[in-house]
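Reading the structure
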Amino acid sequence: HLDELFSTVATARRGAHWNDDIVTRLPEGARVMARSAGGDVQAVRYAPTVWGVQWHPEVDEPLFRGWLVEGNADPAVAEEALAALAAAGDQLVEWWTPLAVRFAELAGQHAARVSAAGA
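In this report, the structure presented in the accompanying data block is examined. (Residues numbered from 1 in each chain as written. Predicted model: local features only at pLDDT ≥ 70, side-chain atom pairs only at ≥ 80, totals over all residues. Heavy atoms only, no water.)

Overall, the coordinates contain four salt bridges when judged by the stated rule. Note that R65 is salt-bridged to E61, the shortest N-O span being 3.6 Å. Placement of both R65 and E61 in helix 1 (residues 61-70) is noted, with a separation of four residues, approximately one turn of the helix. The exposure class of E61 is partly exposed, given its relative accessible area of 33%. (Salt bridge = Lys/Arg side-chain N within 4 Å of Asp/Glu carboxyl O. Helix = DSSP H or I, 4+ residues; strand = E, 2+ residues; numbered from the N terminus. Buried < 20%, exposed > 50% of the residue type's maximum accessible area, 1.4 Å probe, protein only.)

This is the structure in structure tokens:
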């Protein structure tokens, strides 16, 4: 059974993950939707309408550059990461836009159900 959110992006894809946070333990019933090449959890479904992502599908070059400045990143690592992000920018937009669109659709459907139930 395909997940109604992540089925729109159910292939291997590049994503920007820029922090040291990793998921080490999931609550009972949580379902892993995506992992990094190294095996770290990158996306989880916690409940029928609750998902979490570890990577940053929303990131673009200006936002990422701000993180580098604010985070005191190692300059060599930061420039390499920024160059990789800039080179993949169009691809990232193409790959992650369907996820954002589907999330907005699901949120709208959920809001309509909640509104109808309260009416």
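Back to the text.
In this fold, W55 is placed in the loop between strand 3 (50-53) and helix 1. Among the residues examined, W55 registers a relative accessible area of 6% and is labelled buried. Separated by 21 residues in the primary sequence, W55 and A76 have C-alpha atoms spaced 21 Å apart. Each residue touching W55, except ones within four places of it in the same chain, is listed here: F6, G15, A16, H17, Q42, A43, W96 and L99. (Contact = heavy atoms within 4.5 Å.)

So, about the packing of helix 1 against helix 2 (residues 75-118). Packing of helix 1 against helix 2 leaves a shortest axis separation of 10 Å and a crossing angle of 170 degrees. By the angle class used here, helix 1 and helix 2 are roughly antiparallel. From helix 1, E61, F64, R65 and L68 reach across to helix 2, where they touch A78, A81, L82, L85 and A86. In the contact of helix 1 with helix 2, the residues fall into seven nonpolar, no polar and two charged. (Axes fitted to C-alpha atoms, helices over the stretch in contact; angles between N-to-C directions. Parallel < 35°, antiparallel > 145°, perpendicular 65-115°, else oblique. Nonpolar A, V, L, I, M, F, W, Y, C, P; charged D, E, K, R; others polar.)

Given a rise of 1.5 Å per residue, 44 residues ought to cover 64 Å, yet the end C-alpha atoms of helix 2 are separated by just 53 Å, more than 12% below that figure. The largest bend in helix 2 comes to about 60 degrees, at G89. Taken together, the buried positions of helix 2 are occupied by A78, A81, L82, L85, A88, L92, W95, W96, L99, R102 and L106. Residues of helix 2 that are buried sit in contact with strand 3 and helix 1. Two or three places before A76, at the start of helix 2, stands the capping residue D74, its side-chain oxygen 2.9 Å from that residue's backbone nitrogen. (Expected span 1.5 Å × (residues − 1). Bend = angle between axes of the 7 residues up to and from the residue. Polar contact = N/O pair within 3.5 Å; in protein donor to acceptor, adjacent residues only side chain to side chain.)

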